[in-house]
Every structure is written in C-alpha cells, then in structure tokens.
Amino acid sequence: MKKVLIGGIGNVLLGDDGVGPYVVRLLAARYEFDDGVEVADLGTPALDLIDQISAKDAVILIDSIDTEAAAGALVLYRKSDIVRHCPAVRMDPHSPALVDTLLGADFFGVAPTDVLLVGIQAESYEAGCSLSQPVKASVDQAIAEVLRELDHLGVEYRRQEHPAEVDTWWIPEEQAESALAT
Amino acid sequence: MAKRITIDPITRIEGHLRIDVEVDNNAVSNAWASCTMWRGIEKILRGRDPRDAWLFTQRFCGVCTTVHAMASVRAVEDALKLEIPLNAQYIRNLILIAHALHDHIVHFYQLSALDWVDILQIPKADPTATAKLAESLSPWTRNSRNEFKAAQDRVNAVASSGQLGIFMNGYWGHPAMRLSPEVNLLAFTHYVQALEYQRKALQVVGILGSKTPHIQNLTVGGVANAIDLDSPSALGMAGLENIRVLLDEVVRFINEVYVVDVCAVAAMYADWFKIGSGVRNYLAVPDLPLDSAGTAYDLPGGYIMNGNIAGVHPFKTASDKEFRDGVSEDVTHAYYQGAKPLHPWVGETEPAFTGWDGEQKYSWVKAPRFKGDPMQVGPLAQVLVGYAQGHPLTRKYTDLAIGKIQTVAGIHVTPDMLHSTLGRHAARAIRAAMLAELAQKHWQLLADNIAKGDYTVHNQPVFSGSEVEGVGTHEAPRGTLSHWIVIKDEKIKNYQAVVPSTWNASPRDRAGNHGPYEASLLHTPLARPEEPLEVLRTVHSFDPCMACACHAFDPSGRQIAKVKVL
C-alpha cells in the first residue's frame with residue numbers, strides 16, 4: 001500500500017494563506033481514503049516538514065502562491081519546479097521552507113518519490129480568518145486536482161456516505177463550508 | 001568610507017527579518033534590525049471567547065505553536081485566578097520541556113552549526129582520527145569510525161556531483177571558518193544524527209498533546225488528557241513508558257553530544273567570547289510550576305541590569321507584580337501609530353507604514369521595554385538570572401560546561417564571558433542539559449501522582465461579567481513570552497502578545513537605545529564584508545524567529561537571500 005501525505009500548508013490567521021488547511025479539512029470531511037493516506041493540516045511548518053514528508057511514497061501539498069497569475073488561479077508544481085531555486089541564507093527557523101525541506105529530504109535519503117504542489121494564487125494576506133471570493137471559488141478545483149493525483153498514484157478514495165462536519169474552526173460560522181457541496 | 005550592507009533573506013510574503021549594518025574599516029559601526037511583515041493578528045482575537053484564544057494563538061507561528069497555546073491559557077487562568085491541577089501542571093511542563101529540547105537541538109545543529117562548520121573541509125578529514133578525537137570527548141556510542149565515514153561519504157557524493165543542494169548557499173571556505181577537517185566532520189555527523197533526536201522529542205509532544213504541530217489537549221483550567229492506567233486510548237502505563245523511553249534517548253543525546261559539541265566548538269573559536277555582547281540587561285520569568293497555585297518553580301526568573309550579575313532581582317511568580325507593571329511597548333521607530341509607550345493591556349496595533357528609514361521608522365516590530373530599558377531575553381538571560389541567584393541546577397550545568405570549555409581550550413573561562421555570541425550558544429546548551437534533567441523529574445512527578453490515585457486534570461473556569469486582566473507567561477526556547485488579555489462579559493476585549501524575538505529584535509526606542517540584535521552587532525569584525533558570515537553568527541546566536549510566518553510558495557526565485565552591499 002502506498003504511503004501518501006496530503007498536507008495543507010499556510011497560516012489560517014492570514015487571509016488567503018489559510019487555503020491549504022481549508023482544502024485538506026474539506027477533503028477529510030468529504031472523502032474516505034486508503035489506510036496509507038494521511039490528511040493533515042500542517043500549518044506553517046519549518047524544518048519539521050522533513051519529518052512529515054519522510055518515508056512517504058508520495059506527497060501532495062496544498063498552499064497559497066504568490067505569482068503574477070490572477071487571484072484564485074491554480075498552478076501545479078512538481079519537485080523539479082520547486083527545487084530549481086537555491087535555498088535562502090537562513091536567518092530564522094522559517095527560512096528552510098519548502099525548497100530546503102525537499103533538498104534536505106534528498107540529502108538525508110528520505111525524499112518521497114512523487115511530489116505535487118497544488119498552488120492557489122492568493123488575493124490577500126491581510127490578517128483575518130476568511131478566504132477571498134476568488135480563492136474560495138477555486139477550492140473545489142483544488143480538491144479535484146488532489147483526487148486526480150491520487151488516481152495517477154493508484155490510490156483509492158471514496159465519498160463519505162455521511163459527510164462529517166467540516167472542522168474549519170477558525171472561520172466565522174456564517175462563512176463555513178458545507179461538506180455536502182460539490 | 002563606511003559601506004552599508006543589507007541582509008534580507010526575505011521576500012515580499014515570506015520574509016521576516018532584515019539586518020542592515022554599516023561597515024567601517026572592516027568592523028560594524030552601526031546596525032538596524034527590522035521585521036518586514038505586519039502581523040496585527042491579535043486583532044482577530046477581539047470579541048472571541050477567551051476559552052478558544054489558545055487555538056488561534058497556536059497559529060501565530062509554525063515553529064512556536066505550543067508555546068503560544070500555553071501562554072494563552074495561562075493568561076486566561078491568571079485573569080480568572082484559576083488554579084491548575086497537579087497532573088495538568090506536570091503534563092504541560094513535560095510538553096514545554098520536550099518542545100524546548102526539540103527546538104534547542106534544531107537550532108544548534110540545523111540552523112546555526114553551519115555558521116561555524118565548513119562543509120567543504122569534510123572530504124579532507126580522516127574518519128579514524130575523527131573517531132579517536134570523539135571518543136576522547138564523549139562516551140556517545142554513535143561516535144564510531146563507520147558513522148563518520150558514512151557522513152563523509154554523503155558529503156563527498158554531494159560535492160562530487162557539483163550540486164550542493166541544501167548546502168549551496170553557505171559561506172564555505174570563508175576565512176572566519178577555523179575548525180580542523182576532523183572537527184568539521186565530527187560536528188557534521190552529529191548534524192545528521194540530530195535530526196533523529198529532535199524528532200523523538202517532538203514525538204513526546206505528540207503523545208501528550210494528541211497531535212503535532214498543533215497540540216489538542218489544552219483547555220483553560222488544565223488539560224484534556226484522560227488518565228486511565230489500563231486504557232490504551234487514554235494516558236496510562238503504556239503511554240508513560242513510551243514517553244520515558246523517548247526522553248531517555250533525547251537526554252543522552254543532549255548530554256553526550258549537544259553539550260559536548262557546543263563546548264568543543266566554543267573552545268576552538270574562543271575569541272567569540274569577546275564578540276557580540278550588546279545589551280547586558282537580562283530578563284527571564286520563572287517557569288515549570290511545581291504546585292497548583294504557581295508559587296514554586298523549577299526554573300527561576302528575574303532580571304539583571306547593566307551586566308551586574310551580583311545585583312540580580314528575582315521574580316517570585318510567573319506573573320510577578322514587578323513584571324506586570326514594568327512592561328511597555330514603544331513605537332517611535334516602528335510602523336505603528338501612537339506617541340508614548342503603552343502597557344500591553346492598553347496596547348494598540350494600528351499600522352502606519354512609511355517604508356524603511358533608519359532615522360525614523362524602520363520595522364514592524366515594536367520595541368518592548370522593561371522599566372523603560374531594552375532587555376535581552378533567551379537562554380542566556382535565564383542561565384545568568386539563575387546562576388546569579390545560586391540556583392543549584394543552573395550552577396551545576398554552567399560549571400560543567402565552563403569546565404569542559406576550559407579543558408579543550410586551555411584558557412580560563414568565567415561566567416562573565418557568557419555576555420557574548422558564544423555565550424548565547426553555551427547558555428542554550430546549558431539550559432538544554434537542565435531541561436533534560438527536569439524532563440525526567442517531571443515524568444516521575446506525574447507518574448507518582450497518578451499512582452497515588454489522583455486522576456484530576458481540569459478545574460472549571462468561572463467567568464464574572466466584570467472586566468478582568470491577566471498575563472500568561474512562559475520562558476520559551478527563545479526567551480520570555482507574555483500574552484496579555486483583557487476579558488469583559490466572557491469575551492476578549494484586548495489581546496497583546498509580547499514575544500521573545502520582539503524583545504531581542506526590537507528597533508531603537510524614543511531614547512535612541514538599540515535593541516539587543518542591533519547592539520550585539522556593533523564592533524563585530526568582518527573578514528569579508530561582502531560575505532558577512534560574522535553578522536549571521538551573532539544574529540543566529542539569538543535564535544531569531546519572527547513568529548509571523550506566512551508561507552506562500554513563491555516560485556519566482558525571490559526566496560533567494562539578498563546580501564546587498566551599497
């Protein structure tokens with residue numbers, strides 16, 4: 001059985017940066033996965049991300065991105081796209097970030113074979129617990145990309161017969177998503 | 001002529017810390033520390049239920065999750081005058097200790113060792129000689145020739161491929177790098193091993209807290225762990241035994257590897273005991289409470305002014321009146337509105353961004369002051385405050401470390417030399433050794449209390465409608481953390497977090513006093529100003545963490561650090 005991590009990355013207190021945790025919590029409420037699949041809200045990890053991705057066959061990460069694309073646009077990255085850039089001089093423990101994590105996992109011999117980053121272009125990183133409209137509108141598409149990757153990996157999943165409540169505790173109640181949505 | 005150097009590892013989104021130094025005759029003549037991103041996260045908390053605040057504060061930072069959760073519940077408990085059952089204190093203490101051990105190991109090996117260790121020297125090392133050297137320093141069983149050879153082979157493979165990967169951005173071959181090939185290999189091998197032991201420490205946090213990186217077991221009034229000796233799903237004999245085994249391994253790594261390596265590296269760079277002192281006012285709060293009411297602690301607190309160790313002022317409790325009354329934040333040089341320094345309970349967070357101007361406003365970090373003065377916080381502050389009070393555990397491990405450094409360096413070392421860049425590293429290792437011993441003590445306290453039949457983990461909070469104020473403190477891995485809360489009608493009226501890196505990374509204040517990072521950089525000699533390794537050494541010795549992580553992935557390559565020489 002393949003060991004797969006589906007990890008949402010981002011800060012739920014900083015607007016659209018919370019989209020990664022949001023997407024994985026929707027996934028967990030709507031779907032059941034093979035036993036080898038771990039779905040996790042990773043917050044804003046530093047070097048401990050190496051521990052999270054090590055010894056996995058595949059890693060699917062969902063994170064906000066900061067590019068020239070329109071807000072809500074989805075961009076997919078493979079490992080080679082991510083590690084093209086050299087790591088930063090480290091000033092603080094956050095600097096290791098994603099590039100260093102993947103290069104570090106390589107060096108320590110624990111790198112996953114398949115890596116997919118589902119990036120969602122942010123509109124705003126202002127402090128706050130809600131997603132912008134364009135980002136929210138892309139959430140279902142991001143979920144579809146995650147499922148497509150699972151298909152590609154040959155990992156099974158099915159819709160929950162009785163969808164659980166979505167545990168997006170940081171989002172004001174009136175804005176919370178229903179697990180029943182498409 | 002003076003040159004200006006900016007070190008800005010920072011992107012628009014991801015960046016946090018920026019350092020600007022002026023260099024004159026190959027030494028730093030002026031310095032500015034700034035944070036390039038606004039948080040204002042505290043405003044999210046206003047109007048919310050104080051019982052939920054810790055869930056939000058735990059998201060301030062992905063590195064310091066548990067510490068913000070803990071300070072938050074303590075702030076509410078302080079406001080409500082709520083005592084905590086013994087089991088809850090011990091479980092919280094074990095989580096805090098395990099998190100700190102993880103953090104200190106990662107800081108020394110993964111985040112700062114490569115400021116002192118030159119990767120490119122490693123291929124020249126003789127693994128047999130390295131093993132012989134290692135065996136003379138420590139009984140660590142993984143100091144064999146084979147371990148060193150394996151680590152060297154990894155570096156050789158990377159070096160010969162021409163792709164340095166994770167190591168591509170170091171200042172390799174810099175003239176300030178001075179270790180022999182064998183010591184480089186020794187320290188690097190432990191860098192690789194450290195990854196395993198920091199993970200074991202984090203596993204303890206995970207067992208007690210249900211999950212990492214975000215623990216789930218806290219609640220205002222105690223913890224939510226069910227204690228049942230026989231149930232596999234609750235905290236029982238099996239869980240406690242797991243924790244004991246993990247802690248034993250981490251403790252051995254701290255004593256036989258981390259402390260030894262810090263002392264050995266310090267001995268070989270002994271001139272760095274004279275560099276990087278800066279602000280010699282130190283602040284630490286008592287932590288690791290031993291009773292329900294919080295009147296006795298395993299870590300002492302207090303403050304020292306102007307390096308006068310003999311004149312230490314102890315704090316009696318974690319929310320000592322002198323501390324509660326003494327803290328204010330100045331925004332003269334920070335991008336906020338406001339004229340005079342404000343106490344955190346009446347603190348404001350209204351932005352007024354102007355762009356970087358070293359004479360005016362230049363940072364998103366406020367300048368916290370204690371009785372009007374800048375304070376250095378962190379393991380060095382805690383060790384000096386404890387040492388000054390004659391705290392036996394602090395004395396034991398400080399004297400041990402000083403003895404080790406003296407033996408290897410062949411020089412006389414005094415506690416006064418700890419006011420330095422190396423002193424911060426040494427103090428962190430001393431603190432780790434103290435916490436390692438305390439981990440085992442608090443495990444035993446918890447096991448004994450449960451064995452007595454006490455399964456209580458929670459006291460119910462009771463709110464009145466009237467306005468109450470509280471402060472929750474924690475002596476976190478990077479120093480004194482305080483969360484300040486005002487509660488009215490069971491809702492949060494105001495919330496401010498004064499985090500350790502705010503104390504240390506603070507900009508100048510209205511009187512023009514430098515913050516600790518800034519002051520520590522003055523007079524630092526630079527061998528090659530365009531490769532300011534020495535600046536990084538001192539800044540890293542504080543273990544900076546700007547606690548405002550927003551981790552958007554930026555594929556354009558803007559994550560690359562800029563070192564700009566103007």
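Above: the structure in question.
Note that this is a predicted model, so its numbers are computed, not measured.

Rules used in this analysis
- Residues numbered from 1 in each chain as written.
- Chains lettered and ligands numbered in written order.
- Predicted model: local features only at pLDDT ≥ 70, side-chain atom pairs only at ≥ 80, totals over all residues.
- Heavy atoms only, no water.
- Helix = DSSP H or I, 4+ residues; strand = E, 2+ residues; numbered from the N terminus.
- Buried < 20%, exposed > 50% of the residue type's maximum accessible area, 1.4 Å probe, protein only.
- Areas by Shrake-Rupley, 256 points an atom, 1.4 Å probe, with all protein chains shown as cover.
- Expected span 1.5 Å × (residues − 1).
- Arc of directions from axis to C-beta.
- Contact = heavy atoms within 4.5 Å.
- Core = buried A, V, L, I, M, F, W, Y, C linked by side-chain atoms within 4.5 Å.
- Polar contact = N/O pair within 3.5 Å; in protein donor to acceptor, adjacent residues only side chain to side chain.
- Pairing = 2+ DSSP bridges.
- Axes fitted to C-alpha atoms, helices over the stretch in contact; angles between N-to-C directions.
- 1 Å grid on protein atoms, 1.4 Å probe; cavity = no way out; pocket = protein on both sides within 12 Å on 5 of 7 lines; lining within 4 Å.
- Points joined across faces, edges and corners; volume = space filled by probe spheres on them.
- Nonpolar A, V, L, I, M, F, W, Y, C, P; charged D, E, K, R; others polar.
- Phe/Tyr/Trp six-rings, centres within 6.5 Å; stacked < 30°, edge-to-face > 60°.
- Lys NZ or Arg CZ within 6 Å of the ring centre and 35° of its normal.

*Asks:* Residues and numbers for the overall build of chain A, please.
*Replies:* In terms of regular secondary structure, chain A is built from six helices and seven strands. Start at the N end of chain A and walk to the C end: the helices and strands fall as β-α-β-β-α-β-β-α-α-β-α-α-β. Classification of the 182 residues of chain A by burial places 61% in the buried group. Only carbon and sulfur atoms are counted for the fraction: they give 47% of the accessible area of chain A, which is about 6,700 Å².

*Asks:* Explain helix α5 (residues 145–161) of chain B residue by residue, including any values.
*Replies:* Over its 17 residues, α5(B) runs 24 Å from end to end, which matches the ideal 24 Å to within 8%, given 1.5 Å per residue. Three or more residues of α5(B) are buried, namely B:F148, B:A151, B:Q152, B:V155 and B:V158. All buried residues of α5(B) project into a common sector of 120° when viewed along the axis, lining one side. Set apart from the buried face of α5(B) by more than 90 degrees, the exposed residues are B:N146 and B:S160. Tucked inside the fold, the buried residues of α5(B) contact α4 (97–107) of chain A together with α4 (127–137) and α6 (181–209) of chain B. B:G162 occupies a position one or two residues after α5(B) and carries a positive phi of about 80°.

*Asks:* Please set out the environment of A:Y22 residue by residue, giving values where relevant.
*Replies:* Residues and elements named next belong to chain A. Looking at where Y22 falls in the secondary structure, it is placed in helix α1 (residues 19–30). Residue classification places Y22 among the buried positions, given a relative accessible area of 1%. Spatially, the C-alpha atom of Y22 lies 9.3 Å from that of I9, the residues being 13 residues apart in sequence.

*Asks:* Describe the nonpolar core, listing the residues and the values that go with them.
*Replies:* By size, the foremost hydrophobic cluster in this structure holds 203 residues, and its most contacted members are A:I6, B:F188 and B:I254. In contact with B:F188, not counting residues within four places along its chain, are A:F107, B:L114, B:I119, B:I122, B:A151, B:V155 and B:F167. Ranked by size, the runner-up nonpolar core spans 16 residues in total, among them B:L283, B:V486, B:V498 and B:W503.

*Asks:* Describe unusual backbone geometry, with residues and values.
*Replies:* Between B:T212 and B:P213 the backbone carries a cis peptide bond, its omega angle lying at 0°. Look at A:A55: it is not a glycine, yet its phi comes out positive at around 65°. Residue position: A:A55 is located in the loop between α2 (48–53) and β4 (58–65). With relative accessibility at 53%, the residue A:A55 sits in the exposed group. Notably, B:K81 is not glycine yet its phi reads approximately 55°, a positive angle. Looking at the secondary structure, you find B:K81 in the loop between α2 (65–80) and α3 (86–112). By relative accessible area, which is 62% here, B:K81 ends up exposed.

*Asks:* Give me the lowdown on the environment of B:K396, citing residues and values where you can.
*Replies:* Residue and element names in this part refer to chain B. Among the secondary structure elements, K396 is positioned in helix α10 (residues 392–409). The class for K396 is partly exposed, based on a relative accessible area of 44%. Sequence spacing of K396 and I430 is 34 residues, and the spatial spacing of their C-alpha atoms is 9.2 Å. Side-chain polar atoms of K396 contact the side chain of E437, separated by 2.7 Å.

*Asks:* Residue-level account of the sheet that holds strand β9 (residues 301–304) of chain B, with values.
*Replies:* Residue and element names in this part refer to chain B. Taken in spatial order, the three strands make up an open sheet running β6-β9-β10, and their pairing is antiparallel. Edge strands, defined here as strands with exactly one partner in the open sheet, are β6 (282–284) and β10 (313–315). Each neighbouring strand pair of the sheet contributes to a mean axis angle of 15°, computed without reference to strand direction. With three bridges connecting them, β6 and β9 associate as antiparallel partners. Its bridge partner being in β9, L283 is matched across the sheet by Y303. Its contacts with the sheet put helix α9 (residues 379–388) on β6 and β9, and the angle it makes with β6 is roughly 90°.

*Asks:* Describe the sheet that holds strand β6 (residues 114–121) of chain A, naming the residues involved and giving the relevant values.
*Replies:* Residues and elements named next belong to chain A. The sheet built from five strands is open, its strands ordered β3-β1-β4-β6-β5 with mixed pairing. Because the sheet does not close on itself, it has two edges, and the strands there are β3 (37–43) and β5 (74–78). Averaged over all neighbouring strand pairs, the angle between strand axes comes to 20°, with direction disregarded. Relative to β6, β5 is paired through five bridges, and the arrangement is antiparallel. Of the residues in β6, the one forming a bridge with L76 is V118. In this fold helix α6 (residues 139–153) packs onto β1 (4–9), β4, β5 and β6, with an angle of close to 170° to the strand it touches most, β6.

*Asks:* Kindly report on the layout of surface pockets, identifying the contributing residues and their values.
*Replies:* In this structure, the largest pocket occupies an estimated 1,000 Å³ of space. Looking at the largest pocket, it is lined by 46 residues, and the ones nearest its centre are A:L42, A:Q52, B:T212, B:P213 and B:H214. Going through the elements one at a time, α1, β3 and α2 of chain A together with α2, α3 and α6 of chain B are the ones with two or more residues in the lining of the largest pocket. Here the residues of the lining of the largest pocket sort into 18 nonpolar, 15 polar and 13 charged.

*Asks:* Explain the pairing of strand β13 (residues 468–476) of chain B to me, and be specific about the residues and the numbers.
*Replies:* Residue and element names in this part refer to chain B. The buried fraction of β13 is high, at seven of nine residues. Looking at chain direction, β13 and strand β14 (residues 479–488) are connected through nine bridges and run antiparallel. Paired with H474 across the two strands is L481, which belongs to β14. Joining the antiparallel neighbours β13 and β14 is a turn of two residues.

*Asks:* Give a description of α4(B) that names residues and reports values.
*Replies:* Each α-helix turn comprises 3.6 residues. Residues three or four places apart therefore point the same way. All names here are of chain B. When we look at burial in α4, the residues that qualify are P127, T130, A131 and A134. Along the axis of α4, the buried residues cluster in a sector spanning 100°; they form a single face. Turned more than 90 degrees away from the buried face of α4 sit K132 and S136, all of them exposed. The inward-facing, buried residues of α4 abut α5 and α6. Its side-chain oxygen 2.9 Å from the backbone nitrogen of T128, D126 forms the N-cap of α4.

*Asks:* Could you give me a rundown of the packing of aromatic side chains, with the residues and numbers involved?
*Replies:* Residue and element names in this part refer to chain B. By the definition in use, this model includes 33 aromatic pairs over all chains. Ring centres of W32 and W356 lie 5.8 Å apart, and the angle between their planes is 70°; on these two criteria the pair is classed as edge-to-face. A residue pair is termed long-range when its members are at least 10 positions apart, and W32 in strand β3 (residues 27–35) and W356 in the loop between β11 (327–330) and β12 (367–370) qualify at 324 residues. For W356, a relative accessible area of 26% translates into the label partly exposed. Consider the rings of F108 and Y258, whose centres lie 5.5 Å apart with planes at 35°: the pair is tilted. You can see F108 sitting in helix α3 and its partner Y258 sitting in helix α7 (residues 237–268), a full 150 residues away along the chain. Cluster of aromatic residues (ring-pair linked, three or more members): F108, Y109, W140, Y197, F253 and Y258. Sitting above the plane of the Y197 ring, K200 keeps its charged end 5.9 Å from the centroid. Against the face of F542 rests R424, its NZ or CZ located 3.8 Å from the ring centre.

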